[in-house]
Amino acid sequence: MAPETELGHLASDDGAAGSGLAAQQEAGRNMITFTVLGEPVPKGSTKAFYRPGMKYPIVTHDNKRTKPWAESVATVAHEAIAGPPCPDAIVLWVVCYLPRPKSAPKRVIRPLKKPDGDKLLRAIKDGCTRGGVYVDDNQVVLSIVQKEFAGGMFDPLEKRGI
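Position numbers for residues count from 1 along each chain, tracking the sequence in the order it is written. Given that this is a predicted model, residues contribute local features only at a pLDDT of at least 70 and side-chain atom pairs are listed and counted only at 80 or more, while totals for whole chains, interfaces and linings are drawn from all residues. With hydrogens and water excluded, all non-hydrogen atoms of the structure serve as input to the side-chain values.

### Some details on the nonpolar core
What counts is decided by this rule: In this text, buried Ala, Val, Leu, Ile, Met, Phe, Trp, Tyr and Cys residues form a nonpolar core when linked through side-chain atoms within 4.5 Å. Relative accessibility thresholds used throughout: buried, under 20% of the residue-type maximum; exposed, over 50%; partly exposed, between the two (1.4 Å probe, protein chains only). Only DSSP runs of H or I reaching four residues or more are called helices, and only runs of E reaching two or more are called strands; each is numbered from the N terminus.
Ranked by size, the top nonpolar core spans 21 residues in total, and within it Trp69, Ile124 and Cys128 carry the most contacts. Of all the secondary structure elements, the ones that give two or more residues to this core are β2 (34–37), α2 (66–80), β5 (90–98) and α3 (117–131). It is α3 that contributes the most residues to this core, five residues altogether.

### Observations regarding the pattern of salt bridges
Counted only if it meets this: Any Lys or Arg side-chain nitrogen located within 4 Å of an Asp or Glu carboxyl oxygen qualifies as a salt bridge.
Tallied over the full model, the rule gives three salt bridges. Across the pair Lys43 and Asp126 runs a salt bridge whose closest N-O atoms are separated by 2.3 Å. One end of the pair, Lys43, is in the loop between β2 and β3 (46–49); the other, Asp126, is in helix α3, with 83 residues separating them in the sequence. Using a relative accessible area of 17% as the deciding quantity, one classes Lys43 as buried. The exposure class of Asp126 is buried, given its relative accessible area of 18%. The partner of Arg110 in a salt bridge is Glu148, with the nearest N and O atoms 2.9 Å apart. Taken as a pair, Arg110 in the loop between β5 and α3 and Glu148 in strand β6 (residues 140–149) lie far apart in primary sequence, 38 residues in all. A relative accessible area of 0% places Glu148 in the buried class.

### Regarding the layout of surface pockets
The following threshold applies: Think of a 1 Å grid over just the protein atoms. A cavity is a set of points where a 1.4 Å probe fits yet cannot get out, a pocket is an open set with protein on both sides within 12 Å along at least five of seven lines, and lining residues have an atom within 4 Å of a point. Grid points are joined across faces, edges and corners, and a volume is the space filled by probe spheres set on the points. Any residue that is not Ala, Val, Leu, Ile, Met, Phe, Trp, Tyr, Cys, Pro, Asp, Glu, Lys or Arg is counted as polar, Gly included; the first ten are nonpolar and the last four charged.
In this model, the largest pocket occupies a volume close to 280 Å³. Around the largest pocket sit 17 residues that line it, and Pro101, Pro111, Lys113, Lys114 and Phe149 are the ones nearest its centre. For the lining of the largest pocket, a count of residues per class yields twelve nonpolar, one polar and four charged.

### Some words on the confidence of the model for the chain
Close inspection of predicted coordinates is inappropriate for parts of the model with low pLDDT. Here is the rule we go by: A residue's pLDDT is simply how confident the predictor is in it, with values from 0 to 100. Contacts are assigned to residue pairs with any non-hydrogen atoms lying within 4.5 Å of each other.
Taken over all residues, the pLDDT of the chain has a mean of 76, while the share at 70 or more is 76%. Counted against residues more than four places away or in other chains, residues 1–28, with its pLDDT under 50, gives 93 contacts.

Printed below as a string of structure tokens:
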């Protein structure tokens, strides 16, 4: 079983993430939760350059695996959303379950090295935009990114041996 990324607690206003679904619904907030299976891929740095005689710049990305990952996020997000994209402010809570390196000592309980949480979030936000969760990722007013080891003590599915 592959590591997974979970997106959840998307609210239609800037209320506190993490409160229960019933409380969210009573307060008139919408929330969706979905899980994307696979190893999370960070969005690489974007570089643009001009070629002589070209009217527009050529834009390249560092990480070639970003596009398939963002498409997976978009597909799952589209299946989870019911209705049109949310036009309001968004609170986004992302939990990325990453494979544990064999060299990591047992005392290390959370991933402290690459990939960068901000770059993981950028790829997921782009996937949510393409999946129709919201109109544009500039609607995200609060985002929480949490990195955990798949199969670790904080993995709710407790998939040991990943």
